[in-house]
Amino acid sequence: MLEDKELFDNAAPSYDLTFTNSHIGRRQRDRVYFWLSKIDFFNRTKSIFEINCGTGADANYFHEKGLKVTATDRSGKMIEEAKAKRNKGIHFYQLDFSKLAEQTINADALFSNFGGLNCASGEELKAIATTVSEKQKKGDLIVWVIMPRFCFMEGLYLISRFKFGQLFRRNTTKGVAVNVDGTAVETFYHSPRFVKRILKNSYHIEKVKPVAFFLPPSYLEGFFKNKLPLLNFLNRLEKLAGRLSFLSGWSDHYIIIGEKK
Ligand SMILES: C[S@@+](CC[C@H](N)C(=O)[O-])C[C@H]1O[C@@H](n2cnc3c(N)ncnc32)[C@H](O)[C@@H]1O
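Residues numbered from 1 in each chain as written. Predicted model: local features only at pLDDT ≥ 70, side-chain atom pairs only at ≥ 80, totals over all residues.

K.L.:
Help me out: how do you make sense of the overall build of the chain in this one?
P.N.:
Within the chain, the regular secondary structure consists of ten helices and nine strands. Over its C-alpha atoms the chain spans a radius of gyration of 17 Å, differing by no more than 12% from the 18 Å that the globule rule assigns to 261 residues. Within the chain, the fraction of its 261 residues that count as buried is 41%. For the chain, restricting intrachain contacts to residue pairs at least 6 apart in sequence, the fraction spanning at least 24 positions comes to 75%. (Helix = DSSP H or I, 4+ residues; strand = E, 2+ residues; numbered from the N terminus. Rg over C-alpha atoms; globule rule 2.2 N^0.38 Å. Buried ≥ 20, exposed ≤ 12 C-beta atoms within 10 Å, placed from the backbone. Contact = placed C-beta atoms within 7 Å.)

Structure representation (structure tokens):
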């Protein structure tokens, strides 16, 4: 894993502007909440442990829904932003998810949103899955939102720009340098099939669903912010046709939900 702590520290002050509160970011996050509602999440869960929480937008949402929330991130600046902006009843602290083995996970669900786990290589992700499964009890949930190895909307964008050489840029097990606020962050794309494989011995996989098949990646906010009718049309398509599980591997992100056996 690259020493990327400072990279996300740099992104922290502007993260809510560039992603959380962006037109695309809000619509993508709503899709995550939609899929949580589909598994009756808030009637099954009383407490949640979040890794790579960023500025704590989801932590706040869960707190408002009545859950006891512990939310962690490796970036000290992200945690500072979260503590300053979110409800004081949430327990935020700095934690690298590769150190989960040393933690007590006192919660019925372990949550990771929007590609935090894409900072872990395949081998690192396997180790995290093993650690978490050893700490969870039967019936506990994991909810992970991960970037797969191809994104249809990104593909359309790259073709429209004649950037054919980048079309399959995600499709590798090696780390890919991704620009986060001007700095390269090593990113590993994980297919739904791979993640299912590493979870299936310890978890019943309840859902694998696309999060943003028709909705574009957030780096296209500049293009879409003056074309909200188009973005809303894509959002409607997302709600109608973006439910098909097989699209998960072709979306900007996908959500995978497992229940501990
Ligand atoms: C794209 S942001 C997602 C933030 C948040 N989950 C959200 O939904 O907006 C990725 C986050 O992963 C965090 N991260 C990256 N590597 C990490 C690690 N090894 N341990 C914990 N957090 C990590 C970064 O600091 C950053 O806040």
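Moving on from the coordinates now.
K.L.:
Explanation requested: the site of the ligand in the structure shown.
P.N.:
Residues in contact with the ligand amount to 21 residues; listed here are only the nearest, Phe-8, Asn-52, Gly-54, Arg-74 and Gly-116. Mapped by element, the contributors of at least two residues to the shell around the ligand are helix H1 (5-20) and helix H4 (57-64). Of the residues that constitute the shell around the ligand, the class distribution is eight nonpolar, eight polar and five charged. (Near = placed C-beta within 6 Å. Nonpolar A, V, L, I, M, F, W, Y, C, P; charged D, E, K, R; others polar.)

K.L.:
Where do I start with the sheet that holds strand E4 (residues 109-112) in this structure?
P.N.:
Backbone-to-backbone hydrogen bonds pair the strands of a sheet. The strands run either parallel or antiparallel. Across the sheet, seven strands lie side by side as E3-E2-E1-E4-E5-E9-E8; this open sheet has mixed pairing. In this open sheet, the two strands that pair with only one neighbour each are strand E3 (91-94) and strand E8 (203-211). Put simply, the sheet's adjacent strands are angled 15° from each other on average, direction ignored. Examined bridge by bridge, strand E1 (residues 47-51) and strand E2 (residues 68-73) share four bridges and lie parallel to one another. (Pairing = 2+ DSSP bridges. Axes fitted to C-alpha atoms, helices over the stretch in contact; angles between N-to-C directions.)

K.L.:
In this structure, what is going on with the pairing of E3? I would like to understand it.
P.N.:
For a regular strand, the rule is simple: side chains alternate between the two faces of the sheet. Pairing analysis gives four bridges linking E2 to E3, with the strands arranged parallel. Opposite Thr-72, over in E3, you have Tyr-93 as the bridge partner. On the question of chirality, the crossover connecting E2 to the parallel E3 by way of helix H5 (residues 76-85) is right-handed. (Right-handed = clockwise from strand over helix to strand, strands pointing away.)

K.L.:
What's the story with helix H8 (residues 192-199) in this structure? I'm lost.
P.N.:
Turn by turn, an α-helix covers 3.6 residues, leaving residues three or four places apart pointing in a common direction. For H8, the set of buried residues is Pro-192, Val-195 and Leu-199. Axial view of H8: buried residues confined to an arc of 70°, hence all on one face. With respect to the buried face of H8, the exposed residues turned more than 90 degrees away are Arg-193 and Arg-197. In this fold, the buried residues of H8 make contact with helix H6 (122-135), strand E5 (141-146), E8 and strand E9 (253-260). (Arc of directions from axis to C-beta.)

K.L.:
Can you help me understand H5 in this one?
P.N.:
All of the buried residues along H5 are Met-78, Ile-79, Glu-81 and Ala-82. Buried residues of H5 fall within an arc of 160° about the axis and therefore sit on the same side.

K.L.:
Help me understand the packing of H6 against H8 in this model?
P.N.:
The relative placement of two packed helices comes down to the angle between their axes together with the axis-to-axis distance. Interaxial distance between H6 and H8 falls to 9 Å at its minimum, and their mutual angle equals 35°. For H6 against H8, the interelement crossing comes out right-handed. In this structure, H6 contributes Gly-122, Leu-125, Lys-126 and Ala-129 to the contact, and H8 contributes Phe-194, Ile-198 and Leu-199. Among the residues making up the contact of H6 with H8, the classes are represented as five nonpolar, one polar and one charged. (Left-handed = near helix turned anticlockwise from the far one by under 90°.)

K.L.:
When you look at the environment of Arg-31 in this model, what are you seeing that I'm missing?
P.N.:
Here Arg-31 shows up in helix H2 (residues 23-38). Separated by 223 residues in the primary sequence, Arg-31 and Tyr-254 have C-alpha atoms spaced 9.9 Å apart.

K.L.:
Just checking my understanding: could you explain the nonpolar core for this structure?
P.N.:
Soluble, globular proteins show a tendency: their nonpolar side chains are buried together. Ranked by size, the top nonpolar core spans 63 residues in total, and within it Ile-48, Leu-110, Val-143, Ile-146, Ile-255 and Ile-256 carry the most contacts. A total of six residues in this core trace back to one element, the largest contributor, which is E5. Leave out the neighbours within four places in its chain, and Ile-255 touches Val-32, Trp-35, Val-143, Val-145, Lys-207, Lys-209 and Val-211. (Core = buried A, V, L, I, M, F, W, Y, C linked by C-beta atoms within 7 Å.)

K.L.:
Please clarify how the environment of Arg-149 should be interpreted in this entry.
P.N.:
Tracing the backbone through its elements, the reader meets Arg-149 in the loop between E5 and helix H7 (152-160). The exposure class of Arg-149 is partly exposed, given the 19 C-beta atoms found within 10 Å. It is 23 Å that separates the C-alpha atoms of Arg-149 and Tyr-203, two residues lying 54 residues apart in sequence. The residues contacting Arg-149, other than those within four sequence positions of it, are Arg-170, Asn-171, Tyr-189 and Ser-191.

Everything listed is a geometric property; what it means functionally is a separate question.
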